[in-house]
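Geometric and topological summary
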Amino acid sequence: MWNNKVEICFSKCDGPDYCKSFDRCRGWGCRLLRYVPAVLPRTEMEKAEIFSAVYSRAEQLGVIQCKNFNPLGIDEALDDEAQLQLIIGSGGT
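Residues numbered from 1 in each chain as written. Predicted model: local features only at pLDDT ≥ 70, side-chain atom pairs only at ≥ 80, totals over all residues. Heavy atoms only, no water.

This part takes up the overall build of the protein. In terms of regular secondary structure, the protein is built from four helices and zero strands. Counted from the first residue to the last, the protein has its helices and strands arranged as α-α-α-α. Here the C-alpha radius of gyration of the protein, 13 Å, is about what a compact globule of 93 residues would show, namely 12 Å. Over its C-alpha atoms, taken along the principal directions, the protein stretches across nearly 35 × 25 × 20 Å. Looking at the protein as a whole, 35% of its 93 residues are labelled buried. Summarising the internal contacts of the protein: among those between residues at least 6 apart in sequence, 59% fall at separations of at least 24. Looking at the protein as shown, the accessible area adds up to about 5700 Å², and 50% of this sits on carbon and sulfur atoms. Across the protein, the mean location of the 11 positive side-chain charges is 8 Å away from that of the 13 negative side-chain charges. (Helix = DSSP H or I, 4+ residues; strand = E, 2+ residues; numbered from the N terminus. Rg over C-alpha atoms; globule rule 2.2 N^0.38 Å. Buried < 20%, exposed > 50% of the residue type's maximum accessible area, 1.4 Å probe, protein only. Contact = heavy atoms within 4.5 Å. Areas by Shrake-Rupley, 256 points an atom, 1.4 Å probe, with all protein chains shown as cover. Lys, Arg positive; Asp, Glu negative; His and termini not counted. Charge placed at Lys NZ, Arg CZ, Asp CG, Glu CD.)

Have a look at this one:
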């Protein structure tokens, strides 16, 4: 079952840019996922830890049930150093 915040967000979605996690970048693929890593991951283990944290947050929020959310977007962001730098630079804003 969806959380009310996710349902409202989904109903307002008007295209792919709506789901951006951060103003300047797509981020994790959902505007409700505002997780900001402390540092740029350098190893696969560090990437896995961040993936786990973001995915767990998505589960807690009910984002996993959103038809617009694709968990592969987390991996895509983790594989894009420029995107990660934008996320870290956002400081959670």
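Next comes the rest of the account.
Attention now moves to the environment of proline 37. Looking at the secondary structure, you find proline 37 in the loop between helix H1 (4–12) and helix H2 (44–61). By relative accessible area, proline 37 is classed as buried at 4%. For proline 37 and isoleucine 88, which are 51 residues apart along the polypeptide, the C-alpha to C-alpha distance reads 6.1 Å. Setting aside residues no more than four positions away along its own chain, proline 37 makes contact with Trp28, Ile50, Ile87 and Ile88.

Okay, H2 next. The first and last C-alpha atoms of H2 sit 26 Å apart over 18 residues, in line with the 26 Å expected at 1.5 Å per residue. When we look at burial in H2, the residues that qualify are Lys47, Ile50, Val54, Ala58 and Leu61. Mapping the buried residues of H2 onto a view down its axis gives an arc of 75°, with all of them on the same face. Opposite the buried face of H2, by more than 90 degrees, sit the exposed residues Met45, Glu49 and Gln60. Directly after H2, the chain includes glycine 62, whose backbone phi takes a positive value near 85°. (Expected span 1.5 Å × (residues − 1). Arc of directions from axis to C-beta.)

Honestly, that's just the spatial picture; any functional story needs more than this.
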